[in-house]
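What follows is each chain in one-letter form.
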2 protein chains.
Amino acid sequence: MIKAKAYAGFDAKSDLKPYAFDRRDVGDTDVHIEIKYCGICHSDIHTVRDEWGGAVYPLVPGHEIVGTVVKVGSQVKKFKAGDLVGVGCMVGSCGSCENCKNHLEQFCTKVATFTYNSPEADGNTTKGGYSDNIVVNEKFVLKVPTNLKLQEVAPLLCAGITTYSPLKHWKIGKNDKVGVIGLGGLGHMAVKLASSMGAHVVVFTTSPNKKDDALKMGAHEVVISKNADEMQKQAGSFNFIIDTVSAPHDLASYMAMLKIDGTLCMVGVSPQPHQIASGALIFGRKSLSGSLIGGIAETQEMLDYCGEHNITCDIELIPVQKVNEAYTRVLKSDVKYRFVIDMQTLKDS
Amino acid sequence: MIKAKAYAGFDAKSDLKPYAFDRRDVGDTDVHIEIKYCGICHSDIHTVRDEWGGAVYPLVPGHEIVGTVVKVGSQVKKFKAGDLVGVGCMVGSCGSCENCKNHLEQFCTKVATFTYNSPEADGNTTKGGYSDNIVVNEKFVLKVPTNLKLQEVAPLLCAGITTYSPLKHWKIGKNDKVGVIGLGGLGHMAVKLASSMGAHVVVFTTSPNKKDDALKMGAHEVVISKNADEMQKQAGSFNFIIDTVSAPHDLASYMAMLKIDGTLCMVGVSPQPHQIASGALIFGRKSLSGSLIGGIAETQEMLDYCGEHNITCDIELIPVQKVNEAYTRVLKSDVKYRFVIDMQTLKDS
């Protein structure tokens, strides 16, 4: 067994605290990774606070993981010690269902194993990236481009692929006008990626003070969504809108932004159901859709793309001792635009 | 002016009654049609009872019109006296907006003119097909195949194109499993069309007594939607579901029927908004969509297709004097599967 230090939740209500546990030994097809940085995703908070149910404590969150390879199993061919690598939301899937065969492991119909709080074949529960090391099957390990700042790469493993995948699936390019609802961890990546693909990008935000940032990230226009006049001017003009807001909000006004055959794609799981009038879809043959992270091959494609286009996340780097404070700030949307934990600081815990 | 006899609504609550009025003279680009048959669409009832607002009385409903050409204007080239023709939901559009140019006149952003209760350039309100004749610009007149029973063609002009258009738009063919929710006027056409395109068709209905009819129409399976076991067996197996039910119903259970990347397309305008959880779309990259009739070119394509494949509607032919009784029965879903009015019977009013 391999000793691991981490920060974990011990129940739904208390702060995360230091935690020591054992990782499995490095199997023939495993990669042992020293974790350098791990991003904080809103899902971490939902899970550790058991807001989605099913929390198994002690619970080590974290699925935006980057680090260096320490050791590889005897049959591992893609990686060697010293390689820069990443791990995202998944560490296993059945590999044989229709979705796995189509490189959509996130929709595995049998045994998708998520990076934390997910049951494994050996009866253990997966433990995530708020930790100094991790052991992962090589199929779920990604190569990280060496030209990017490593700490700014971490959130690409979730926020990056979650926005890249729908932009690619709906074939966004230079003839498209793309709306991005919400400028947070996901939204700011959607802006950078969509504008890099050549689209005309418009950000919808409730925060006037984010306007300058959005323009710097590549947005062409910023609409303050509380301003009815600004909203009205955009009506019927979008091919595609990516909705990164998981809090309850009015979908009808955004459906009205779409052109004929336009799609609004949700990437944030809302706690309450949305209301939608059938007429909002019928008049204009519009679609309300959703997208979930991305497959492993597509995650690698996204990392390579970000390397080529020099795209990373805007982050605030924190020591692990500040993780509880960071959670409080995430819930207030007070972060520009993703917290990343420096895992070297675990040594001080 | 041209004398017309009709049945009209005179207010939101009373029965339809006989009504005489004048049609415009036949202009250079107009076609004058003697109406033989007109279908009864649920929209007729909503409109004449002012349930969607904006009713202008006397109101002559009817947009599933077939008949013969009496006379054509001097510049009309496509039609001549004696031709079998049809008129659907639209009689005009701007012709110059992006949607009109793309043959999607139903989404004209300027002046779409519907067949009844729609303002015209001359200040009049359009009057529909519960009438012995009509004058329509040739661009909105369709050729009717001569090999089909004319009275069974009438509902193709709305129920036919409303279901044909989404099946074509979503490229339904022999590798697809298609669900049809509701076996009414729209649903029974969806079954006939989808099965003719080679799809495996499953009907979802609350009425066990419609099962035999559905199978005769070409359905491969019939699921009684109140039966949880039957529903469960179909989970995750559909590429496409066409939802013809406009009354409130549970969308979540049908979203769960879709495979990855599946689409549920609504064609009935519901009076109340639907509830939809974002997770029902995100987990499976599914789409909730809608479709509205079809463009004029596509309506002609549908009529030609029905001629080639010998597809018509299942109808109950009634004299115009029974129209109010028919409305009562439509509201009880007591019709197999569309009422069509024999317009020759207007002579007896």
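Residues numbered from 1 in each chain as written. Chains lettered and ligands numbered in written order. Predicted model: local features only at pLDDT ≥ 70, side-chain atom pairs only at ≥ 80, totals over all residues.

What's the story with the overall build of chain A in this structure? I'm lost.
On a plain count of helices and strands, chain A comes out with 11 helices and 18 strands. In terms of overall dimensions, chain A is globule-like: its C-alpha atoms have a radius of gyration of 20 Å, near the 20 Å expected for 349 residues. For the C-alpha atoms alone, the extent of chain A along its principal axes is close to 60 × 40 × 40 Å. Residues counted as buried form 51% of the 349 residues belonging to chain A. Contacts spanning at least 24 positions in sequence make up 66% of the contacts within chain A whose residues lie at least 6 apart. (Helix = DSSP H or I, 4+ residues; strand = E, 2+ residues; numbered from the N terminus. Rg over C-alpha atoms; globule rule 2.2 N^0.38 Å. Buried ≥ 20, exposed ≤ 12 C-beta atoms within 10 Å, placed from the backbone. Contact = placed C-beta atoms within 7 Å.)

Got a minute to help me understand the interface of chain A and chain B in this structure?
The figure often quoted for interface size is the accessible area lost as the parts come together. Facing the 27 residues of chain A at the interface are 28 residues of chain B. Elements with a minimum of two residues in the side of chain A that touches chain B: β14 (258-266), β15 (274-276), α9 (278-282) and β16 (287-290) of chain A. Broken down by class, the residue content of the side of chain A that touches chain B amounts to 13 nonpolar, 12 polar and 2 charged. Pairing of β16(A) with strand β16 (residues 287-290) of chain B involves 3 bridges; the strand directions are antiparallel. Bridging across to β16(B), A:Ser287 finds its partner in B:Ser289. (Nonpolar A, V, L, I, M, F, W, Y, C, P; charged D, E, K, R; others polar. Pairing = 2+ DSSP bridges.)

Honestly, the sheet that holds strand β12 (residues 221-224) of chain B in this entry has me stumped. Any pointers?
Within a sheet, neighbouring strands are paired by backbone hydrogen bonds and run either parallel or antiparallel to one another. The mixed open sheet is built from 12 strands, whose spatial order is β12(A)-β11(A)-β10(A)-β13(A)-β14(A)-β16(A)-β16(B)-β14(B)-β13(B)-β10(B)-β11(B)-β12(B). Because the sheet does not close on itself, it has two edges, and the strands there are β12 (221-224) of chain A together with β12 of chain B. Sheet twist, expressed as the average angle between the axes of neighbouring strands with direction ignored, equals 20°. In this sheet, strand β14 (residues 258-266) of chain B lies alongside strand β13 (residues 238-243) of chain B in parallel orientation, the contact comprising 5 bridges. (Axes fitted to C-alpha atoms, helices over the stretch in contact; angles between N-to-C directions.)

Explain the relation of the copies chain A and chain B here, please?
Here two copies of a chain appear, and what relates them is a rotation about an axis with a shift along it. Mapping chain A onto chain B calls for a screw motion: a turn of 180° about the axis and a shift of 0.0 Å along it, with 0.0 Å RMSD after fitting. Look at the turn and shift together and you get a two-fold axis relating the two. Both copies share a contact surface, since 100% of the interface residues of chain A are interface residues in chain B too. (Least-squares fit on C-alpha atoms with pLDDT ≥ 70 in both.)

Help me out: how do you make sense of the confidence of the model for chain A in this one?
Low pLDDT means the predicted atomic positions in that stretch should not be read closely. On average, residues of chain A score 96 in pLDDT, and 100% of them are at 70 or above. Taken together, the chains of this predicted complex give a pTM of 0.95 and an interface ipTM of 0.95. (pLDDT = per-residue confidence, 0-100.)

Where do I start with the packing of helix α4 (residues 159-169) of chain B against helix α5 (residues 185-196) of chain B in this structure?
Two quantities define a packed helix pair, namely the angle between the axes and the distance from one axis to the other. All names here are of chain B. The geometry of α4 relative to α5 is characterised by a closest axis approach of 8 Å and an angle of 50° between their N-to-C directions. Taken as axis vectors, α4 and α5 run oblique relative to one another. Here α4 and α5 pass one another in a crossing that is right-handed. Taken together, the residues of α5 that come into contact with α4 (itself represented by Ala-159, Gly-160, Thr-162, Thr-163, Tyr-164 and Leu-167) are Gly-185, Leu-186, Met-189, Ala-190, Leu-193 and Ala-194. (Parallel < 35°, antiparallel > 145°, perpendicular 65-115°, else oblique. Left-handed = near helix turned anticlockwise from the far one by under 90°.)

Where do I start with the environment of B:Met255 in this structure?
Residues and elements named next belong to chain B. Among the secondary structure elements, Met-255 is positioned in helix α8 (residues 251-255). As for Met-255 and Asp-212, which are separated by 43 residues in sequence, their C-alpha atoms are 26 Å apart. When neighbours within four sequence positions are excluded, Met-255 is seen to be in contact with Leu-264, Ala-280 and Lys-286.

Explain the domain arrangement of chain A to me, please; I cannot follow it from the model alone.
Residues and elements named next belong to chain A. According to the domain assignment, chain A consists of domain 1 (2-158 + 294-348) and domain 2 (159-290). On the side of domain 2, 14 residues touch domain 1, which itself brings 19 residues to the contact. Here the side of domain 1 that touches domain 2 gets 5 residues from one element, more than from any other, and that element is helix α10 (residues 296-309). Split by residue class, the side of domain 1 that touches domain 2 holds 10 nonpolar, 5 polar and 4 charged. (Domains from an automatic or database assignment.)

For this particular structure, what's the right way to read the pairing of strand β17 (residues 315-319) of chain A?
On any regular strand, side chains alternate: one points to one face of the sheet, the next to the other face. Residues and elements named next belong to chain A. Where β17 and strand β18 (residues 338-342) come together, 5 bridges link them in parallel fashion. Within the sheet, the bridge partner assigned to Glu-316 lies in β18 and is Phe-339. Handedness of the crossover joining β17 and β18 through helix α11 (residues 323-331): right-handed. (Right-handed = clockwise from strand over helix to strand, strands pointing away.)

Help me understand the pairing of strand β5 (residues 84-87) of chain A, please; the structure alone is not making it clear to me.
Residue and element names in this part refer to chain A. The pairing of strand β4 (residues 65-72) with β5 spans 4 bridges and is antiparallel. Within β5, the position partnered with Gly-67 by the bridge is Val-85. By the bridge criterion, 2 bridges tie β5 to strand β9 (residues 142-143) in an arrangement that is antiparallel. Each residue of the ladder has a partner; that of Gly-86, found in β9, is Leu-142.

Got a minute to help me understand the nonpolar core in this structure?
A general feature of soluble globular proteins is that nonpolar side chains tend to end up buried together. In terms of nonpolar packing, the biggest core is built from 201 residues, with A:Val180, A:Ala194, A:Val203, A:Ile341, B:Val180, B:Ala194 and B:Val203 touching the most fellow members. B:Ala194 has contacts with B:Leu167, B:Ile172, B:Val178, B:Val180, B:Ala199 and B:Val201, leaving out every residue within four places of it along the chain. (Core = buried A, V, L, I, M, F, W, Y, C linked by C-beta atoms within 7 Å.)

How do you make sense of helix α11 (residues 323-331) of chain B when you look at a structure like this?
Side chains that are three or four residues apart share a direction in an α-helix, a result of its 3.6 residues per turn. Residues and elements named next belong to chain B. The complete set of buried residues in α11 reads Val-323, Ala-326 and Tyr-327. All buried residues of α11 project into a common sector of 105° when viewed along the axis, lining one side. Projecting away from the buried face of α11 at angles above 90 degrees are the exposed residues Glu-325 and Thr-328. Packing partners of the buried residues in α11 comprise β1 (2-8), α1 (42-48), β17 (315-319) and β18 (338-342). Following α11 by one or two positions, Ser-333 has its phi on the positive side, about 55°. (Arc of directions from axis to C-beta.)

Sorry, what's going on with the environment of A:Ala199 here?
Residues and elements named next belong to chain A. Tracing the backbone through its elements, the reader meets Ala-199 in the loop between α5 (185-196) and β11 (200-205). Put simply, Ala-199 and Gly-179 are 20 residues apart on the chain and 9.7 Å apart in space, counted from C-alpha to C-alpha. Beyond its immediate sequence surroundings of up to four residues, Ala-199 is in contact with Ile-172, Gly-173, Lys-174, Asp-176, Lys-177, Val-178 and Ala-194.

Can you help me understand α10(A) in this one?
Residue and element names in this part refer to chain A. With 14 residues, α10 extends 20 Å from end C-alpha to end C-alpha; this agrees with the ideal 20 Å at 1.5 Å per step. Within α10, the full set of buried residues consists of Ile-296, Glu-298, Thr-299, Met-302, Leu-303 and Cys-306. The buried residues of α10 occupy an angular sector of 160° when the element is viewed end-on, so they sit on one face. Those residues of α10 that are buried are in contact with β5, β9 and α4 (159-169). Asn-310, located one to two residues past α10, shows a positive phi value of around 55°. (Expected span 1.5 Å × (residues − 1).)

In this structure, what is going on with unusual backbone geometry? I would like to understand it.
Keep in mind that most residues, glycine aside, have a negative phi and that most peptide bonds are trans. Here the residue pair B:Tyr57 and B:Pro58 is connected by a cis peptide bond, since its omega of -10° sits within 30 degrees of zero. For B:Pro58, the location among the structural elements is in the loop between α1 and β4 (65-72). Although it is not a glycine, A:Asp50 sits at a positive phi angle of roughly 60°. Topologically, A:Asp50 is positioned in the loop between α1 (42-48) and β4. Look at B:Ser333: it is not a glycine, yet its phi comes out positive at around 55°. Note on placement: B:Ser333 falls in the loop between α11 and β18.

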